[in-house]
Amino acid sequence: MEGNKQEEKPRGSADGRPAWDDYFLDIVGLVAKRATCLRRRVGAVLVRDRRILSTGYNGAPSGLRHCLSIGCLREQKHIPSGERHELCRGLHAEQNAIIQAALHGVSVKGATLYCTNHPCIICAKMIINAGIVRIVVEGDYRDDLAEEMLAEAEIEVIRQ
């Protein structure tokens with residue numbers, strides 16, 4: 001240890017504690033359990049200086065009926081995953097985490113986004129403009145344009 005900085009221990013370290021990225025990904029898994037999407041449960045957590053700034057999960061806007069109660073518009077219209085994002089009642093977890101931070105006056109500039117899945121192109125553009133500098137993802141969702149734009153914006157993306 002150096003001053004107040006603690007070294008990050010690798011997974012399975014001698015003291016049995018999870019590394020920081022693993023810790024926050026575990027929390028993301030819990031957040032995702034609140035999702036109301038019938039197709040995919042996604043959670044997101046925004047963190048800066050090892051402090052949680054905001055969380056989000058995918059679902060309909062506040063106060064509106066959820067897909068859990070009225071069904072999935074995308075399923076009804078046979079829309080494949082990754083296409084026609086605008087034809088959905090829900091917001092993505094990343095969007096909700098950014099919106100919740102804004103709603104409560106919390107800057108996410110310089111934050112790390114932990115998410116169950118790689119962001120789509122819509123979320124990637126929001127992440128870039130929000131000043132998020134790092135993304136740690138667990139899932140396998142692929143969006144080539146999102147990956148290209150995040151790389152161009154020099155946002156570090158780590159797949160666990």
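About the cut-offs
Residues numbered from 1 in each chain as written. Predicted model: local features only at pLDDT ≥ 70, side-chain atom pairs only at ≥ 80, totals over all residues. Heavy atoms only, no water. Salt bridge = Lys/Arg side-chain N within 4 Å of Asp/Glu carboxyl O. Helix = DSSP H or I, 4+ residues; strand = E, 2+ residues; numbered from the N terminus. Buried < 20%, exposed > 50% of the residue type's maximum accessible area, 1.4 Å probe, protein only. Pairing = 2+ DSSP bridges. Axes fitted to C-alpha atoms, helices over the stretch in contact; angles between N-to-C directions. Contact = heavy atoms within 4.5 Å. Core = buried A, V, L, I, M, F, W, Y, C linked by side-chain atoms within 4.5 Å. Lys, Arg positive; Asp, Glu negative; His and termini not counted. Polar contact = N/O pair within 3.5 Å; in protein donor to acceptor, adjacent residues only side chain to side chain.

(A) The pattern of salt bridges, seen in detail. Considering all chains together, one arrives at five salt bridges under this definition. A salt bridge links aspartate 21 to arginine 134; its shortest N-O distance comes to 2.7 Å. Highlighted residues: aspartate 21 in helix α1 (residues 20-32) and arginine 134 in strand β4 (residues 134-137), separated in sequence by 113 residues. Taken individually, aspartate 21 and arginine 134 each receive the classification buried, so the pair is uniform in this respect.

(B) Layout of the sheet that holds strand β1 (residues 43-48). Spatial ordering of the open sheet is given by β2-β1-β3-β4-β5, a layout of five strands whose pairing is mixed. Since the sheet does not close on itself, it has two edges, and those belong to β2 (51-57) and β5 (156-159), each with one partner. Along the sheet, successive strands turn relative to each other by an average axial angle of 20 degrees, direction set aside. One ladder, built from six bridges, connects β1 with β2; its direction is antiparallel. The partner of valine 47 across the bridge, within β2, is isoleucine 52. Strands in contact with α1 are β1, β2, β3 (112-115) and β4; relative to β1, the strand with the most contacts, it is inclined by about 140 degrees. Seen against the sheet, helix α4 (residues 93-103) touches β1, β2 and β3 and runs at an angle of roughly 130 degrees to β2.

(C) Fine view of the nonpolar core. With 20 residues, the main nonpolar core has Leu46, Leu113, Ile127, Ile132 and Ile135 as its most contacted residues. When neighbours within four sequence positions are excluded, leucine 113 is seen to be in contact with Ala44, Val45, Leu46, Glu94, Pro119, Ile127, Ile132, Arg134, Ile135 and Val136. Leu25, Val31, Tyr114 and Val136 belong to the second-largest nonpolar core, a separate cluster that totals eight residues.

(D) Quick look at the side chain of aspartate 143. Here aspartate 143 shows up in the loop between β4 and α6 (144-152). For aspartate 143, which is buried and forms no salt bridge, the nearest opposite charge comes from arginine 142, at a distance of 8.6 Å. Side-chain polar atoms of aspartate 143 contact the backbone nitrogen of isoleucine 121, separated by 3.0 Å. Residues in contact with aspartate 143, not counting those within four places in the same chain, are Pro119, Cys120 and Ile121.

(E) Expanded view of the environment of tyrosine 23. By secondary structure assignment, the location of tyrosine 23 is in helix α1. Linking tyrosine 23 and cysteine 123, residues 100 residues apart in sequence, is a C-alpha distance of 23 Å.

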